[in-house]
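Residues per chain are reported as follows:
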Amino acid sequence: MALVAVLAPWRAEAGGRVALVMVGEDYQKFQKSNVSAKQASDIAEALQAKGFDVLLSANPTNARARANLLDFSRKTSDADLAVAFVMGHLVAAGGQSYFLPVNTELGVSTDLFSRGISISSVAQIVGKAKAGAVIVLMTAPNFETAIAGLDARPQYATANPTSVVTVFSSSSKVSVSRIDMVSAQAADAVAKALQRPAPSLADLVKAASADVGAVFGVPAEVSLAKPSPAPESVASSGADSLQTKLETGAGGAAQNKQKGRAESERRAPDDEAQADAARLQLQQAKVELEKAKTETQRAQAEASRAEAEAAKAKAEAQAELAKAQTVTANASEQGSVAASAPIDEKLLGKRQRERIQERLRDMSLYTGPIDSIMGPLTREAIMGYQRSRGAKVTGYLTPEQFEALLPNGG
């Protein structure tokens with residue numbers, strides 16, 4: 001049963017530090033992972049104590065894991081620091097490593113595209129923050145029947161975002177039989193590192209890799225010590241300042257009267273000068289307030305315009321999708337069309353791959369970055385496109401589908 005716990009509410013002012021801790025322990029088709037939900041909970045609580053807003057997801061299914069990533073992605077855009085812990089069974093194929101949700105079933109290696117969570121996709125999400133890390137504490141699943149093309153040790157051929165360090169607790173230096181032990185020890189080491197008053201991001205990387213893991217990228221020089229609370233601001237308006245100065249002047253005048261008329265006349269010009277200065281400060285404060293109001297109104301207008309443009313784009317995408325669905329329905333009435341062999345994607349240029357992602361995004365099928373990488377998110381979007389056309393769902397475009405997406409080759 002999947003359990004999702006938000007250890008602290010998302011706060012805009014604390015948006016500088018966000019964390020995702022995702023752990024798979026109780027698998028339906030594989031043995032139990034040696035990296036436990038208890039260790040994940042310890043890590044999540046330690047991060048929370050350091051001032052992070054933490055999303056803890058224990059034993060997520062495929063659908064729940066992807067929903068958690070979407071929630072996490074919404075928060076990383078405004079974050080100064082984002083950290084994602086991925087803990088549990090992991091396999092690799094074709095230069096990519098995939099976390100396995102607890103309900104994963106694999107028949108062939110290509111099942112990973114839709115049934116596994118790509119670590120490179122997690123890194124892209126973390127890369128939306130100013131700095132971050134993806135820490136993978138991995139264990140090796142036992143397959144009843146070996147599946148060609150799968151590797152129990154990590155592979156990571158995709159370019160890592162420059163602001164992100166990606167760490168695997170295991171590597172090619174570790175035998176498969178020792179992966180679980182090494183990763184369980186790394187989980188304990190990470191929890192202990194977080195218990196220190198002021199650990200750094202580099203300390204976490206060192207604890208997770210333990211000199212035998214694989215590290216991609218360089219950790220940012222960031223301290224994980226809990227930030228000091230911001231001091232309460234004491235704001236004094238120009239009017240308060242003016243009132244204080246006037247009261248001071250009045251009190252001084254009263255004292256001057258008691259000391260004598262001559263002293264009062266001597267101090268009166270100074271008091272008037274102070275009052276004039278206070279009035280000028282008040283006027284300047286009012287001008288700044290009006291300026292701030294104008295800027296706020298302009299920003300609100302820009303936001304409304306952006307929302308309108310987004311709504312228009314969405315409506316156009318929905319209309320385009322409806323049109324494609326209508327064409328599919330008409331074609332199905334005339335009989336199914338024989339499936340064509342997929343196009344050779346190696347012959348596509350970078351701009352053509354980007355245009356495919358853009359067209360799928362316009363149809364609300366693709367949510368990833370426009371990076372020309374035909375990765376898991378792009379495969380899922382293509383599958384959705386094929387379903388909308390009533391075509392065979394493979395995740396690879398046929399020449400007919402490619403032409404429909406990019407007339408005349410884009």
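Basis of the calculations
Residues numbered from 1 in each chain as written. Predicted model: local features only at pLDDT ≥ 70, side-chain atom pairs only at ≥ 80, totals over all residues. Heavy atoms only, no water. Helix = DSSP H or I, 4+ residues; strand = E, 2+ residues; numbered from the N terminus. Buried < 20%, exposed > 50% of the residue type's maximum accessible area, 1.4 Å probe, protein only. Contact = heavy atoms within 4.5 Å. Areas by Shrake-Rupley, 256 points an atom, 1.4 Å probe, with all protein chains shown as cover. Phe/Tyr/Trp six-rings, centres within 6.5 Å; stacked < 30°, edge-to-face > 60°. Axes fitted to C-alpha atoms, helices over the stretch in contact; angles between N-to-C directions. Parallel < 35°, antiparallel > 145°, perpendicular 65-115°, else oblique. Left-handed = near helix turned anticlockwise from the far one by under 90°. Nonpolar A, V, L, I, M, F, W, Y, C, P; charged D, E, K, R; others polar. pLDDT = per-residue confidence, 0-100. Expected span 1.5 Å × (residues − 1). Core = buried A, V, L, I, M, F, W, Y, C linked by side-chain atoms within 4.5 Å. Salt bridge = Lys/Arg side-chain N within 4 Å of Asp/Glu carboxyl O.

A. Structural view of the overall build of the chain. Looking only at helices and strands, the chain features 11 helices and 9 strands. Looking at the 410 residues of the chain, the share that counts as buried comes to 42%. Put simply, of all contacts in the chain between residues at least 6 apart along the chain, 71% involve residues at least 24 apart. Total accessible area on the chain stands at roughly 21,700 Å², and carbon and sulfur atoms take up 52% of it.

B. Inspection of the packing of aromatic side chains at higher detail. By the definition in use, this model includes 5 aromatic pairs. With a centroid separation of 6.3 Å and 65° between ring planes, the pair formed by Tyr27 and Phe30 is classed as edge-to-face. As far as the burial class goes, Tyr27 and Phe30 line up, both buried. Taking 5.7 Å as the distance between ring centres and 65° as the angle between the ring planes, the aromatic pair formed by Tyr156 and Phe168 counts as edge-to-face. Residue Tyr156 is located in the loop between strand E7 (131-139) and strand E8 (164-168), and its partner Phe168 is located in strand E8; the two are separated by 12 residues in the primary sequence. You can call Tyr156 buried: its relative accessible area is 10%. A network of ring pairs unites the aromatic residues Tyr27, Phe30 and Phe143 as a single cluster.

C. Inspection of the environment of Ala93 at higher detail. Examined against the element boundaries, Ala93 turns out to sit in strand E4 (residues 81-93). A C-alpha to C-alpha distance of 8.3 Å links Ala93 and Leu112, two positions 19 residues apart in sequence. Among residues more than four places away in sequence, those in contact with Ala93 are Tyr98, Ser109, Leu112, Gly149, Leu150 and Gln155.

D. Region of interest: the environment of Gly127. Mapped onto the elements, Gly127 comes out in the loop between helix H4 (119-126) and E7. Judged by relative accessible area, Gly127 falls into the partly exposed class, the value being 24%. Put simply, Gly127 and Ser77 are 50 residues apart on the chain and 8.7 Å apart in space, counted from C-alpha to C-alpha.

E. Layout of the packing of helix H1 (residues 37-49) against helix H5 (residues 179-195). Relative orientation of the contacting elements H1 and H5 amounts to 20°, with a least axis distance of 9 Å. For the element pair H1 / H5, the angle class is roughly parallel. Like other packed secondary-structure pairs, H1 and H5 cross with a definite hand, here left-handed. Residue-level inspection shows Gln39, Ile43, Ala46 and Leu47 of H1 in contact with H5, the latter providing Ala184, Ala187, Asp188, Val190, Ala191, Leu194 and Gln195. For the contact of H1 with H5, the class distribution of residues is 8 nonpolar, 2 polar and 1 charged.

F. Examining the confidence of the model for the chain more closely. Counting all residues, the mean pLDDT for the chain is 85, and 81% of those residues have values of 70 or more. The lowest-confidence element of the chain is helix H7 (residues 238-259), averaging 49 in pLDDT; the highest-confidence one is strand E2 (residues 17-23), averaging 97. The low-confidence segment residues 8-14 (pLDDT under 50) makes 12 contacts with residues lying over four places distant or belonging to another chain. Ignoring residues within four places in sequence, the model shows residues 233-250, a span with pLDDT below 50, making 14 contacts including any to other chains.

G. Seen up close, helix H9 (residues 350-362). For H9, which comprises 13 residues, the first-to-last C-alpha distance of 18 Å matches the rise-based estimate of 18 Å (1.5 Å per residue) to within 8%. Looking one or two residues past H9, Ser364 carries a phi angle of roughly 65°, positive in sign.

H. Quick look at the nonpolar core. Core analysis: the biggest nonpolar cluster contains 43 residues, and Phe72, Ile119, Val126, Val134 and Phe168 have the highest contact counts within it. At 6 residues, E4 tops the list of elements feeding residues into this core. Every residue in contact with Val126, bar those within four places of it in the chain, is listed here: Phe72, Ala82, Ala84, Gly132, Ala133, Val134 and Val164. In terms of nonpolar packing, the next biggest core, distinct from the first, is built from 35 residues, Val35, Ile43, Ala187 and Ala193 among them.

I. Focus on unusual backbone geometry. Positive phi, normally seen in glycine, also occurs at Asn59, with a value near 55°. With respect to the helices and strands, the residue Asn59 is situated in the loop between strand E3 (53-58) and helix H2 (62-76). Judged by its relative accessible area of 10%, Asn59 is buried. Notably, Ala210 is not glycine yet its phi reads approximately 50°, a positive angle. The class of Ala210 is partly exposed, set by a relative accessible area of 41%.

J. Expanded view of the pattern of salt bridges. According to the stated counting rule, one finds 17 salt bridges in the structure shown. One salt bridge in this structure joins Asp111 and Arg115, with 3.3 Å as the shortest N-O distance. Given a relative accessible area of 15%, Asp111 falls into the buried group. Taking the shortest distance from any N to any O, the salt bridge between Glu295 and Arg298 comes out at 2.9 Å.

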